[in-house]
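Here is how the chains run, residue by residue.
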Amino acid sequence: IAQGIYEGTYSVDDIHALSKIDHWFLERLQNIAAGAEMLQANTLSTLSAENMRKAKQLGFSDSQISQHLADDVSETDVRAKRKSLDVVPSVKQIDTLAAEYPAQTNYLYCTYHGMEDDVEKGVGGGTLVLGNGAYRIGSSVEFDWCAVSAVRTLRDLGHRAIM
């Protein structure tokens, strides 16, 4: 489907008629294809901060941006340019208690759709513990005993830790 949109062989209406996939989803794919075309019309030196941010908001990785640009550049080159343009993700939080009570453990995520962080950056180092184990319906990261135990042990030893 994405290839048909990207190549222009099928319109959103054509694909909808054949698949009954909602127009909203197909238009998202069309936006990504338009983003790829925008990148192909640029070189790394002509890529503006606005277009770099747009590509990141569409979900393009630095590696994918490097592959779509008109010149031969590496992922590292794109990352350096992106950072020099100050196109970096913002850290946002989801209030797990819907503002009923002050939440002590909000979920955090990174996005290119924000202009500022919702949380203050910490000072000094720390340890990031990634959740592990099988996730399935009925289980989630908050029930990951191994990761929680690792964070508690690190904190007991006087280290900063986050899961």
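For the structure, check the block above.
Calculation criteria
- Residues numbered from 1 in each chain as written.
- Predicted model: local features only at pLDDT ≥ 70, side-chain atom pairs only at ≥ 80, totals over all residues.
- Heavy atoms only, no water.
- Phe/Tyr/Trp six-rings, centres within 6.5 Å; stacked < 30°, edge-to-face > 60°.
- Buried < 20%, exposed > 50% of the residue type's maximum accessible area, 1.4 Å probe, protein only.
- Helix = DSSP H or I, 4+ residues; strand = E, 2+ residues; numbered from the N terminus.
- Polar contact = N/O pair within 3.5 Å; in protein donor to acceptor, adjacent residues only side chain to side chain.
- Contact = heavy atoms within 4.5 Å.
- Patch = residues over 30% accessible without salt bridge, like charges linked within 9 Å, V, L, I, M, F, W, Y side chains within 5 Å.
- Areas by Shrake-Rupley, 256 points an atom, 1.4 Å probe, with all protein chains shown as cover.
- Salt bridge = Lys/Arg side-chain N within 4 Å of Asp/Glu carboxyl O.
- Lys, Arg positive; Asp, Glu negative; His and termini not counted.
- Charge placed at Lys NZ, Arg CZ, Asp CG, Glu CD.

Trainee: Could you clarify how one ought to interpret the packing of aromatic side chains in this entry?
Mentor: Describing an aromatic ring pair means giving the distance of the ring centres and the angle of the ring planes. Considering all chains together, one arrives at one aromatic pair under this definition. Judged by centre distance (5.0 Å) and plane angle (85 degrees), the ring pair of W24 and F25 falls under edge-to-face. Assessed through its relative accessible area of 49%, W24 is described here as partly exposed.

Trainee: Any chance you could explain the side chain of S90 here in plain terms?
Mentor: One can find S90 in strand β1 (residues 90-94). Side-chain polar atoms of S90 contact the backbone oxygen of G114, separated by 3.0 Å. Those residues in contact with S90, other than ones at most four positions away along the chain, are Y109, C110, T111, G114, M115, E116 and D117.

Trainee: Honestly, a negative patch on the surface in this entry has me stumped. Any pointers?
Mentor: A surface patch of like charges, here negative, comprises D13, D14, D22 and E27. Examined against the element boundaries, D22 turns out to sit in the loop between α2 (12-19) and α3 (23-40). Given a relative accessible area of 41%, D22 falls into the partly exposed group.

Trainee: Explain a nonpolar patch on the surface here, please?
Mentor: Residues L108, L128, L130 and I162 make up a contiguous nonpolar surface patch of about 410 Å² in total accessible area. On the secondary structure map, I162 appears in strand β4 (residues 161-162). Look at I162 and you get partly exposed, because its relative accessible area is 42%.

Trainee: Explain the pattern of salt bridges to me, please; I cannot follow it from the model alone.
Mentor: Opposite charge on two side chains makes pairing possible when the charged atoms of those side chains draw close. In this structure the tally under the stated criterion is five salt bridges. One salt bridge connects R82 with D62, and the closest N-O pair in it is separated by 2.9 Å. On the criterion of sequence distance, the pair formed by R82 in helix α6 (residues 75-84) and D62 in helix α5 (residues 62-68) is long-range, its members being 20 residues apart. There is no split in this pair, since R82 and D62 are both buried. Each member of the salt-bridge network shares a partner with another, and the members are K56, D62, E75, R79 and R82.

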